[in-house]
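Structural features, examined
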Amino acid sequence: MLRRRVSWDVTNSLAMDDVHPSSDSIEEEATTKCYSDGFDDNEDPFFLSDDDFVGGDDGAADALLEDIKEDEIDLLKHKQQDYKILNTAEIRQRMERDVAEVSTVLSISKDEASILLRNYNWSVSKVNDSWFTDEFEVREKVGLEKLVVSSDLSSNKRKIITCGICFEPYTSDRIRYAYCGHLYCEICWSAYISTSINNDGTGCLMLRCPEPSCRAAIGQYMIDSLASEEDRKKYSDFLVRSYVEDNRTTKWCPSPACEHAIEFSGADGIFDVTCRCFTSFCWNCKEECHRPMDCDAVKKWILKNSSESENVNYILAYCKPCPNCKRPIEKNHGCMHMTCRVCRNEFCWLCLGPWKGHANCNRYMEKTDTEDRRKKLAKESLEKYTHYFERWDANRKSRLKALADHQRVKNEEFKKLSESQDIPEAYLEFITKAWLQVVECRRALEWSYAYGYYLPDKDPAKKQFFEYLQGEAESTLEKLHNCVESELKEFLDVGGLSKKFSEFRTKLVGLTTVTGNYFEKLVRALENGLCDVNSHVIKGSEDEVEDRWHCDRCTYANPSSLKSCKMCFIK
């Protein structure tokens with residue numbers, strides 16, 4: 001399959017002036033890589049081949065249909081060697097497979113194998129290693145004691161035994177015991193098990209013998225024979241939850257209505273996954289996909305957005321503390337005579353001196369740390385945050401709307417377009433690819449603005465290169481988004497497959513490819529710390545530029561020599 005390569009050189013401008021490539025311009029033995037969360041070309045669901053660049057001939061639809069995938073959900077499948085999406089039935093199958101494997105290797109019952117796996121976070125290798133190292137120690141740790149019960153208990157079914165909980169006499173056929181051999185009646189066992197299942201959550205999986213000094217485990221057999229049908233179902237569901245939540249390689253999809261789990265095996269540092277419910281998230285931190293930002297920076301950014309830090313900045317920039325009670329006061333009248341609403345203290349707004357006996361305060365008094373300097377820094381910090389947050393939020397909203405528009409187009413306009421152009425709906429897959437490319441690129445652009453906020457100002461070369469890459473990618477994305485959103489509408493009521501529609505398809509496929517290339521380069525450059533740029537850190541006297549750090553609480557730009565914030569005193 002022929003593919004298209006777009007050249008990239010960090011020292012020169014990108015050779016991408018023509019964003020509407022035609023089929024005639026495709027070179028042999030060339031490759032392309034559209035942005036799709038960094039996965040390989042061979043498995044990229046949004047990868048575009050030369051077959052996508054068909055012209056307006058009559059056989060175009062038939063030629064394309066040969067490459068159309070039967071199931072549309074394949075568009076969201078990534079490399080299967082990186083992660084797998086599991087439903088509840090598949091999770092149970094894997095759990096039963098692991099139990100059977102441990103049972104066979106260690107020559108123990110499945111009941112015992114299940115207890116071992118739960119205690120070792122469902123790791124088969126850890127169970128095997130520990131067992132063959134010291135079987136006795138493992139048994140003692142997990143509560144698998146050697147069962148010792150009087151022989152006449154099983155032979156004499158009518159023997160009278162007193163329950164150790166209710167102290168009522170029962171025949172031996174109504175007495176039950178765990179691995180330890182402590183004897184209790186069925187009624188007390190059932191109540192004990194039901195109470196744990198309904199009150200302890202997944203803690204019921206670690207249920208022990210009712211005897212206070214005994215650590216013997218309660219196995220699946222006891223649950224199946226003594227619990228009600230409702231409790232057995234709950235216990236089974238807790239087992240599935242435990243298998244996913246205690247296992248290092250699996251996690252639930254964070255979507256509230258989704259019951260799928262993700263088994264992850266990637267080792268390339270890219271944690272973006274997409275569930276069958278179309279929820280994309282970072283497997284490492286379970287936040288939304290956030291390339292090129294790392295997980296720690298994302299948590300910091302989210303915390304900043306949800307905190308009151310910018311309110312603090314506003315207070316610092318536009319308010320002054322009452323000289324008496326120190327409450328912040330904002331001036332909302334013309335004169336300088338201020339009265340605190342809290343303590344009723346009267347003072348001058350300009351000099352903060354007491355109003356009683358106040359004459360004038362027009363004489364300039366030089367200070368080592370002036371209020372103007374503090375207000376200027378606070379205002380600059382607030383303006384910087386506002387700049388990046390507004391663009392981050394705008395792209396986030398645009399991404400969500402693009403998702404909704406994609407669903408609307410697929411559900412409503414595909415059929416209308418298929419009838420008006422007299423082509424099968426499968427031929428319109430290139431539109432789906434374009435919408436999904438818009439969604440992924442909006443996500444990358446969204447987080448690139450958060451990345452830019454934390455980019456040090458002291459390295460202007462990197463900042464300039466970052467803004468260049470981001471600007472080029474954003475400009476191309478806007479063209480793609482406008483094309484798939486607006487230009488498609490003119491073909492909804494046109495009869496027959498027109499030449500203009502073929503030209504539109506070529507244009508849209510070309511924009512999808514080029515936009516993907518721009519964003520792949522942007523993401524990789526940011527993930528590599530813009531290492532292709534020769535850093536020229538500004539150096540000079542202490543009066544020129546000083547390295548600073550931003551307070552997480554109030555975002556004040558503090559000199560690197562300070563360990564605590566100069567404004568809010570938080571370390």
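Residues numbered from 1 in each chain as written. Predicted model: local features only at pLDDT ≥ 70, side-chain atom pairs only at ≥ 80, totals over all residues. Heavy atoms only, no water.

Under an unreviewed UniProt entry, the name given to the chain is RBR-type E3 ubiquitin transferase, and the organism recorded is Dovyalis caffra. Annotation of the chain in UniProt includes, under Sequence similarities (unreviewed entry), the sentence "Belongs to the RBR family. Ariadne subfamily." (UniProt positions renumbered as here; feature names shortened; annotations may be inferred.)

For the chain, the helix and strand inventory stands at 15 helices and 15 strands. Burial statistics for the chain: of 571 residues in total, 45% are counted as buried. A sequence separation of at least 24 residues applies to 62% of the contacts in the chain between residues at least 6 apart. Of the roughly 30,400 Å² of accessible surface on the chain, 48% is carried by carbon and sulfur atoms. (Helix = DSSP H or I, 4+ residues; strand = E, 2+ residues; numbered from the N terminus. Buried < 20%, exposed > 50% of the residue type's maximum accessible area, 1.4 Å probe, protein only. Contact = heavy atoms within 4.5 Å. Areas by Shrake-Rupley, 256 points an atom, 1.4 Å probe, with all protein chains shown as cover.)

Quick look at the sheet that holds strand β7 (residues 261-264) now. Think of a sheet as strands paired side by side through backbone hydrogen bonds, with each pair either parallel or antiparallel. Judged by pairing direction, the sheet is antiparallel, and its three strands sit side by side in the order β1-β7-β6 without closing on themselves. The open sheet has two free edges, formed respectively by β1 (83-86) and β6 (250-252), since each of these has just one partner strand. Averaged over all pairs of adjacent strands, the angle between strand axes in this sheet comes to 25°, irrespective of strand direction. As judged from the three bridges shared by β6 and β7, these two strands associate in the antiparallel manner. (Pairing = 2+ DSSP bridges. Axes fitted to C-alpha atoms, helices over the stretch in contact; angles between N-to-C directions.)

What follows is about the nonpolar core. Membership of the largest hydrophobic core comes to 55 residues, with the highest contact counts inside it found for W301, L428, I431, F501, L508 and L530. Mapped by element, the contributors of at least two residues to this core are α10 (295-306), α12 (371-421), α13 (429-453), α14 (460-485) and α15 (499-527). Among the elements that line this core, the one with the most residues is α13, at 14 residues. Leave out the neighbours within four places in its chain, and I431 touches F414, L417, V484, L488 and L508. (Core = buried A, V, L, I, M, F, W, Y, C linked by side-chain atoms within 4.5 Å.)

Within the secondary structure, S225 sits in helix α8 (residues 220-226). The partly exposed category is assigned to S225, whose relative accessible area is 39%. As a C-alpha pair, S225 and R176 span 49 residues in sequence and 9.9 Å in three-dimensional space.

Another point: the packing of helix α3 (residues 110-119) against helix α5 (residues 135-142). Contact geometry for α3 and α5: axes closest at 10 Å, N-to-C directions at 80°. By the angle class used here, α3 and α5 are roughly perpendicular. Judged by residue contacts, E112, I115, L116 and N119 of α3 engage V138, R139 and V142 from α5. Class assignment for the residues of the contact of α3 with α5 results in four nonpolar, one polar and two charged. (Parallel < 35°, antiparallel > 145°, perpendicular 65-115°, else oblique. Nonpolar A, V, L, I, M, F, W, Y, C, P; charged D, E, K, R; others polar.)

So, about α15. Under the 1.5 Å per step criterion, the end-to-end length of α15 is 42 Å for 29 residues, consistent within 8% with the ideal 42 Å. Buried residues dominate α15, accounting for 22 of its 29 residues. The first or second residue beyond α15 is G529, which carries a positive phi of 70°. (Expected span 1.5 Å × (residues − 1).)

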